[in-house]
Structure formats: structure tokens, C-alpha cells
Amino acid sequence: MSDTSVGHFSLSRGLCIALNLMNINGKVCDHVRSVLRTYDIEPKPLDRMIDGYFRHHRELNSQMRRAIADTAFNVIRWRLRIEGELCKQGQKKPGREQIIDYFLNNAPFEVNDAPPKDSPDVVAAYYSLPEWLVKRLMKQYGKEIAYRLMVALKDEAPVTLRTNTLKTLRDDLLITLENAGYDVRPTEYSPYGIAMNARAALGANESYKRGLFDIQDEASQLASMAVGARPSETILDACAGAGGKSLMLAMMMGDRGTIIASDVDPRKLNELNKRARRAGVESITSLALDNLGQAKKYKGKCDAVLLDVPCSGTGTLRRSPDLALRLSESDVAPYAEKQGELLREYSTWLKGNGRLIYSTCSILAEENENVVEDFMNESGFSPLGKRRMNDLGIDERLITPEGYFKSLPSESSMDGFFACVMTKAESQ
């Protein structure tokens, strides 16, 4: 899910009641069946699929859309658990209709950090997560931490905003949003962040239209802070996506400097360009990966290179529960291989004393510590260090002894995130 999306979260008891009052077993349920039928035929990111569905059903009002989206997401969120319960009842291969009906009759589901048994199959069914992922989390973190983490992955994900300090201050924006009727508060770790205590539509908000803020998870904001961007620097954001981090880097540089934002998907860069215009940012040059050669004059001359690499996304399962069904264990090793390739390729864009920033939204060591440590062992790079990461504004509670930034949704309200800032050993 992109950092521009609010996402779809767990159903509260109040919303369950509201859905029943709307006759969810009627119109809403018909639409949910249609959405999930399409998903089962060709599983794709569910948020995009639902957006496409709504484009073809413009007659649906906002209340219906929210009910359909929330229900579809939560059926997917709890699908593995529901299938397990239905199998216990003697249904060998539960169908879509049975799964939806079971959800409607039994939601909301609850979990805690004490599953019925320690066996991975029981734990996986209880937390409605793939057994392979459960085994990896238990092995990496130990049972106690893994259980807390799995509970957090079923929680409602917060909506977090990032103040655009090119146009306003966080305290002023908080007052503006409160006066507009939003329930908001400052984030705990990011000095730019604003957390919403209640979900609300933002697209039509005047402050949003004026570019006073954007939507960006607090962990993503901290990973951007770890870049240490300064005015007049040249920075390559090599896996920019829709540009949330590029925009924050431009803000931290006072929009004075050069940011080259590249991505394999030109459509994401088109979104970045729209967001940059709204934010009043002019220092970003977006180039599709095929056109990155146009920036070759900067190769070997960049002050920093940010690699927010493609990954499993396991740190964002609260926001994208369908990812748990689409991701397989065999996907992890290819991700790690590609991540190492990207580090080797884009480290050549740095000047001698430049900073290489590697980040993921994964909670798996295979994509985080293992990747950067393999790269550092072969390249002569080393981590920036815990003290210097703290100097960049990263709270020491989120810095590992090795000097990595690491957040877990079980320890904070943030997504699972990892970042390592590296420099050549001789430059430290």
C-alpha cells in the first residue's frame, strides 16, 4: 500500500452494529461477494481492486463504500482463521459464501498474546496468518515477542499525517485541523507527525488541498529523517514509488538542492509529480528507471542515496491484510537477492564520503539485518552508529545496538520498519 493511502482497518463493535443496521446481508454483502470473487480469480492488492470496483459503481454513496471496503478487508484479514473454524465443523474446503457468512455471524474477532497452543499450525489459525510466517517470526523473535507482534498485526492501523514545514508548522496545523473538527494529536517520535485519533475523509480537506500535509506513516517519516538531508545536497531516491520520502527530503532541505526520484513504475512517478505540485516542491526531478541515464552526471557525486527497496511488506500487514494471503515463503529469498543487487548497483552513485540508506517495511531479518550485513562485509561500508543515528533525530529506543532503526507495531503505533545508514569505513 502506498504512503498516500489511508487503508482499511479492523471493524469495531460499533461499526459491526452499524453494518447490521444497513442490512449488510443484502446490498453490501452482494458487493462484498463480487469484490472477493474477483480477488479469488486473480489476487491483486485489495485496495486497488476495491478502488477499481468503486469506479465502476459510482452510484454507491460514501457510507456504502466504507461498509463494503471494511467488510471485504476484514473477511480477508480473518480468512485463514475462519477457514480453520469451518474445517473443524467438517467442511473440507469452505467456499467464499460460507466464509463471508461466518464472518458476519461472528465478527469482531479477538486475539491476545496467549494462543490456545504453541504449535505453529494452531498459532497460525488463531492469528489468521500463514504458518510459514508464524514459524519465521517465532524463530526470529522468540515466542513471547512473536505473539505480541502477531496481535499487533491484527490491530487497527493509525492514520498519520506529515506536516509540510515548507508551508506551515506542526502546532499551527494541529490547531487548524482541530478547528475543522478532526481529532488529532502530535506523534510520539516524529517532530513532523500528526496522528488521527479517529478515521476521517481527508481528500476534500482544504489544508490537504493546499499542501499543508501529506499522509505518511510515522516510521516512514523516521526512515526519511535518517537520511540526514541538508540544503544544497544531491540525493538519489532510487526506489521512490509515489514519492513520500522524496517529498519529505525536499522539505528537510528547504527545497534547496537536487533530488532525483526514480522508480520502475512511471505511474507512481506521475503521482509524485502531482503531490510535489501540491506541496510546493520544485527540487525533485522524477525519472523512470529506463530514463535514469539522463542523470548520469550525478553518478559518483551524490551526497546520499536512499534505497527504500521492494520487500515482503510484512511490517504493513495491518494495512494490507490481503498481503498475508498473496505472499509465499518462496518470495522472501528472491526479495533478499534483489535487495543485495540494488545496494551494490546504487552505492556507485555516492561520492567518497556519501551516505547509503537502506530501508524496508519488512519485519524479517532475511530482508533487513542479513542483507545489509552481507553487503557491508563485501563492500567496506559500515553503519553510521547509534550515537549519530540519535543525532539525526531517531529516538534511542528505536535504535538497535548495531545502529539500525527498527520499529515494530507491537512496541509502538508505527508500522514495522527497518533502516540502516552506511558510509565507507574510512570516512568515519
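Residues numbered from 1 in each chain as written. Predicted model: local features only at pLDDT ≥ 70, side-chain atom pairs only at ≥ 80, totals over all residues. Heavy atoms only, no water.

Grouped together as the largest cluster of nonpolar side chains are 55 residues, with contacts concentrated most on L46, I50, I82, Y127, L129, L137 and M150. In terms of residue count, the dominant contributor to this core is helix α4 (residues 62-77) (8 residues). Not counting residues within four places of it along the chain, the set of residues in contact with L129 comprises L80, A124, V134, M150, L153, K154, L317 and A324. Formed by 41 residues, the second largest nonpolar core is a distinct cluster that contains A219, A288, A304 and L398. (Core = buried A, V, L, I, M, F, W, Y, C linked by side-chain atoms within 4.5 Å. Buried < 20%, exposed > 50% of the residue type's maximum accessible area, 1.4 Å probe, protein only. Helix = DSSP H or I, 4+ residues; strand = E, 2+ residues; numbered from the N terminus. Contact = heavy atoms within 4.5 Å.)

Right, let's talk about the packing of helix α8 (residues 131-141) against helix α9 (residues 143-152) for a bit. Relative orientation of the contacting elements α8 and α9 amounts to 130 degrees, with a least axis distance of 7 Å. Judged by the inter-axis angle, α8 sits oblique to α9. Every pair of crossing elements has a handedness; the one defined by α8 and α9 is right-handed. The segment α8 lies against α9, with V134, L137, M138 and Y141 engaging K143, I145, A146, Y147, L149 and M150. Residue classes in the contact of α8 with α9 are distributed as 9 nonpolar, no polar and 1 charged. (Axes fitted to C-alpha atoms, helices over the stretch in contact; angles between N-to-C directions. Parallel < 35°, antiparallel > 145°, perpendicular 65-115°, else oblique. Left-handed = near helix turned anticlockwise from the far one by under 90°. Nonpolar A, V, L, I, M, F, W, Y, C, P; charged D, E, K, R; others polar.)

Residues separated by three or four positions in an α-helix point in the same direction, a consequence of the helix having 3.6 residues per turn. Within the span of helix α7 (residues 120-127), buried status applies to V123, A124, Y126 and Y127. For α7, the angular spread of buried residues about the axis comes to 165 degrees, placing them on one side. Taken together, the buried residues of α7 touch α5 (79-88), α8 and α9. Count one or two residues on from α7 and you reach S128, which has phi positive near 55 degrees. (Arc of directions from axis to C-beta.)

The next point concerns the side chain of E218. In this structure, E218 sits in helix α12 (residues 218-225). One buried charged residue, E218, forms no salt bridge at all, with the nearest opposite charge on R170 at 6.6 Å. Within the structure, the side chain of E218 is placed 2.8 Å from the backbone nitrogen of S190, a separation counted as a polar contact. Those residues in contact with E218 that lie beyond four places of it in its chain are T160, T187, E188, Y189, S190, S413 and M414. (Lys, Arg positive; Asp, Glu negative; His and termini not counted. Salt bridge = Lys/Arg side-chain N within 4 Å of Asp/Glu carboxyl O. Polar contact = N/O pair within 3.5 Å; in protein donor to acceptor, adjacent residues only side chain to side chain.)

Two strands in a sheet stick together by hydrogen bonds in their backbones, pointing the same way (parallel) or opposite ways (antiparallel). Here 4 strands make up an open sheet; going across it, the order is β2-β3-β1-β4 and the pairing antiparallel. The two strands at the open ends of the sheet, each matched to only one other strand, are β2 (184-186) and β4 (213-215). The mean inter-strand angle of the sheet, taken between neighbouring strand axes irrespective of direction, is 30 degrees. Against the sheet, helix α10 (residues 170-179) touches β1 (159-163), β2, β3 (193-196) and β4, its axis set at about 170 degrees to β2. (Pairing = 2+ DSSP bridges.)

Note on pairing: side chains with opposite charge can pair once their charged atoms come close. Per the stated rule, a full pass over the model turns up 32 salt bridges. In this structure, D214 and R278 form a salt bridge, with 3.7 Å as the shortest nitrogen-oxygen distance. A residue pair is termed long-range when its members are at least 10 positions apart, and D214 in strand β4 and R278 in helix α14 (residues 266-279) qualify at 64 residues. R278 shares its class with D214; the two are buried. For R267, the salt bridge is made with D265, and the minimal N-O distance between the two is 3.2 Å. Using a relative accessible area of 65% as the deciding quantity, one classes R267 as exposed. One salt-bridge network, held together by shared partners, links D40, R79, E83 and R96.

Attention now goes to the packing of aromatic side chains. The description of an aromatic ring pair rests on the distance of the ring centres and on the angle between the ring planes. In the structure shown here, the tally under the stated rule is 10 aromatic pairs. Each ring, one from Y102 and one from F109, has its centre 6.4 Å from the other, and the planes form 5 degrees; the classification is stacked. Residue Y102 is classed as buried on the basis of its relative accessible area, which comes to 15%. Of the residues examined, F109 reaches a relative accessible area of 16% and is grouped as buried. Ring geometry for F103 versus F109: centroids 6.1 Å apart, planes at 40 degrees, classification tilted. Look at F103 and you get buried, because its relative accessible area is 3%. (Phe/Tyr/Trp six-rings, centres within 6.5 Å; stacked < 30°, edge-to-face > 60°.)

The subject of this paragraph is unusual backbone geometry. With glycine set apart, most residues show a phi of negative sign, and most peptide bonds adopt trans. Cis peptide bonds are those with omega within 30 degrees of zero, and the linkage from A107 to P108 qualifies with 0 degrees. Looking at where P108 falls in the secondary structure, it is placed in the loop between α6 (96-106) and α7. Look at S128: it is not a glycine, yet its phi comes out positive at around 55 degrees. The buried category is assigned to S128, whose relative accessible area is 3%. Of note in the backbone geometry, D255 takes a positive phi value of approximately 60 degrees without being a glycine. Looking at where D255 falls in the secondary structure, it is placed in the loop between α13 (244-252) and β6 (258-263).

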